[in-house]
Amino acid sequence: MQLSVIKKIRKYLRIYAILFRFGFIFSTTYRVSFFIELLVEIGYQIAFILFYFVIFNNIKNIMGWNFYEIMFLTGLNIVTSELILGSLYIFNLRRLPEKIKNGDIDLILVKPINSLFYLSLGIPYFSAFVSIIPGILLMIYSYNRLNLPLNFFAALVSIFVLINGFILAFSFSIILSSLSFKYINTYTIPLIAEKIILYYKDRPHQVYQGILKLVFFIIIPVVFVSSIPSYILIKNIVWNYVMVSLFLSCIFFFIALKVWEIMIKNYTSASS
Amino acid sequence: MRKYLQLFKNYQAESWEYRANIVGGIVSELIGIISALIFWLAIYKSNTQIAGYTLNKVIFYYLLMPLIGSITSVWISNKVGSEIKSGFFTNYLIKPNKPILNILTHTFAYKFNYLATTVPVYLIFLIGFSFFSTIRFSGINILMGLLMAISGFFIHCLMDLAISWLGFWVDDVWSFQHFKNFIFAIFGGVAFPFDFLPSSMRLIFELLPFKFFYYIPASYINNQRSFSYLFSDILSLCLWGTLFYLIGIKLYSAGIKKYAAFGY
């Protein structure tokens, strides 16, 4: 049983590596287009950084986070946004409603591959993966400016929560986007899921208080994507958050699999 | 004139087919506004005033953004750019009307329906907020803001037309919308009011035309901009409008000579 699970994971990792190589070839075939794609991504990143520059021109901190702590969070936000967009959304979930409408899912259903894997992660957008570099550089720069000693244990815990955060973002996206099987031709469903994740994950988690804490820690747990991993690395480890992220990622992933299974049954081919 | 009126009616009917997208657009805007409001509420917990803005004023500013955006936003470059790329632009050339007027009629018809559906929703939010806050605005402020927004819409049309014609040379027309998105976020005042900027930076932002798409209309309604700027704003609008018109004409006349469509 365990061996077959490991075998399956290895199989899908191998397939993803091949798909990733295809993504690279596809993106770099037209070099001008590739550079324009990078320029667009970097443009958004500059806008994002400039926003905080202007805010900190007027205030000293945001809910206890100083300028460089926020810049570190911004760097991680850039990385997570690009990874979520590049792996999950741009060529995959954003196109799901159109594929359903056109009956293009047939081709995937007859393949010896998991439909959820192929439709959600099958076509990586390579330019987004390259665009994580400025985010990583910003994180390194901010960390240096904070004069913090490198804490390997905190880094490991932070990466663990980050992985849970990705599973949560993936699961939330799947739960919402799979509604496209039921409500045909509603192109905005995956976009709404994308906006919720991108807009609400980029703030320090302390901004969510009262009822909002319940919403963004439990119901739409986006705080585990960027804010809490940053907090663990640059401030301190909060074990409650670590445990909650693990628990929620398991629950959400299970729900996502079930919802997908139920929703895909609504699919009817449109081809002749 | 009659044929354009008929075209307007046809495009209006066509635009209702996409009403689900309008609803989706409103939901997307609301997601953005709520995110901004949560953020600013947190910031104002430890600040009473930032750059002359109280919490109420900031909330009002961000609530105004989608309303003003629904007036000033234009999607010509997205549509026409891809039509040039796909060869669909030929359809404009063989019809017995001027392509530019046809495109503008399409824009006005879609805008008319978009405003009819979105403005009431945004107004409910604004009026609701003004009941519970100390924000008061005068009729003249609203009028000036609306006039600025409508003028902003017209120069945005001219600017977007000029951008569209780049489709004669550039393949990656999809990127136009993205460039506009992040430029407007910063230089248009969507992300923050210009009053938050250091004075040297603000000077540069004030020189650019993007301020007319969000910041200027909002700051007139918000009573944050004195009427003494009115003359220079109108002059600046006219200058930018003329410049975009001239650039558009030049690009169109050069681009149409190299346009080639295949198929259909």
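Residues numbered from 1 in each chain as written. Chains lettered and ligands numbered in written order. Predicted model: local features only at pLDDT ≥ 70, side-chain atom pairs only at ≥ 80, totals over all residues. Heavy atoms only, no water.

Focus: a positive patch on the surface
Taken together, the side chains of Lys8, Arg10, Lys11 and Arg14 of chain A define a basic patch exposed on the protein surface. Along the polypeptide, lysine 11 of chain A turns up in helix H1 (residues 2-28). (Patch = residues over 30% accessible without salt bridge, like charges linked within 9 Å, V, L, I, M, F, W, Y side chains within 5 Å. Areas by Shrake-Rupley, 256 points an atom, 1.4 Å probe, with all protein chains shown as cover. Salt bridge = Lys/Arg side-chain N within 4 Å of Asp/Glu carboxyl O. Lys, Arg positive; Asp, Glu negative; His and termini not counted. Charge placed at Lys NZ, Arg CZ, Asp CG, Glu CD. Helix = DSSP H or I, 4+ residues; strand = E, 2+ residues; numbered from the N terminus.)

Here's the deal with the nonpolar core
Ranked by internal contacts, the top residues of the largest apolar core, which has 86 residues, are Tyr52 and Ile62 of chain A together with Trp40, Phe192 and Phe196 of chain B. Sorting elements by how many residues they give to this core places helix H3 (residues 55-72) of chain B first, with eleven residues. Once you skip the residues sitting within four places of it in the chain, tyrosine 52 of chain A turns out to touch Ile62, Phe67, Ile70, Met71, Thr74, Asp202 and Arg203 of chain A together with Phe39 of chain B. Within the second largest apolar cluster, 61 residues are counted, among which are Ile196, Phe224 and Met263 of chain A together with Ile38 of chain B. (Core = buried A, V, L, I, M, F, W, Y, C linked by side-chain atoms within 4.5 Å. Buried < 20%, exposed > 50% of the residue type's maximum accessible area, 1.4 Å probe, protein only. Contact = heavy atoms within 4.5 Å.)

What to know about a nonpolar patch on the surface
All names here are of chain A. Taken together, the side chains of Ile18, Phe22, Phe24 and Ile25 present a nonpolar region at the surface, about 380 Å² in accessible area. By the element assignment, isoleucine 18 lies in helix H1. Relative accessible area serves as the criterion here: at 37%, isoleucine 18 is assigned to the partly exposed category.

Some thoughts on the packing of helix H6 (residues 99-132) of chain B against helix H7 (residues 139-164) of chain B
Residues and elements named next belong to chain B. Their axes nearest at 12 Å, the elements H6 and H7 cross at an angle of 135 degrees. By the angle between their directions, the pair H6 and H7 is classed as oblique. Handedness of the H6/H7 crossing: right-handed. On H7, the residues that touch Ile100, Ile103, Leu104, Thr107, Phe108 and Lys111 of H6 are Phe153, Phe154, Cys157 and Leu161. The class makeup of the residues in the contact of H6 with H7 is eight nonpolar, one polar and one charged. (Axes fitted to C-alpha atoms, helices over the stretch in contact; angles between N-to-C directions. Parallel < 35°, antiparallel > 145°, perpendicular 65-115°, else oblique. Left-handed = near helix turned anticlockwise from the far one by under 90°. Nonpolar A, V, L, I, M, F, W, Y, C, P; charged D, E, K, R; others polar.)

Details of the interface of chain B and chain A
In this assembly, 32 residues from chain B lie in contact with 32 residues from chain A. Summing both partners gives a buried area of about 2900 Å² for chain B against chain A, and 74% of it is carried by carbon and sulfur. At the junction of chain B with chain A, the criterion picks out zero salt bridges. Summed over the shared surface of chain B and chain A, the result is ten residue pairs in polar contact (both at pLDDT 80 or more). Counting only elements with at least two residues in the side of chain B that touches chain A, the list comes to helix H2 (19-43) and helix H8 (175-188) of chain B. The biggest single contributor to the side of chain B that touches chain A is H2 of chain B, with 14 residues. Taken together, the residues of the side of chain B that touches chain A sort by class into 21 nonpolar, nine polar and two charged. (Buried area = accessible area lost by both parts, 1.4 Å probe. Polar contact = N/O pair within 3.5 Å; in protein donor to acceptor, adjacent residues only side chain to side chain.)

Topic: the packing of aromatic side chains
Summed over the entire model, instances satisfying the criterion amount to 63 aromatic pairs over all chains. Ring geometry for phenylalanine 153 of chain A and tryptophan 239 of chain A: centres 6.1 Å apart, planes at 45 degrees, overall tilted. On the criterion of sequence distance, the pair formed by phenylalanine 153 of chain A in helix H9 (residues 152-177) and tryptophan 239 of chain A in helix H13 (residues 239-263) is long-range, its members being 86 residues apart. For phenylalanine 153 of chain A, a relative accessible area of 49% puts it in the partly exposed group. With relative accessibility at 44%, the residue tryptophan 239 of chain A sits in the partly exposed group. With centroids separated by 6.4 Å and ring planes inclined at 20 degrees, the aromatic side chains of phenylalanine 60 of chain B and phenylalanine 129 of chain B adopt a geometry described as stacked. (Phe/Tyr/Trp six-rings, centres within 6.5 Å; stacked < 30°, edge-to-face > 60°.)

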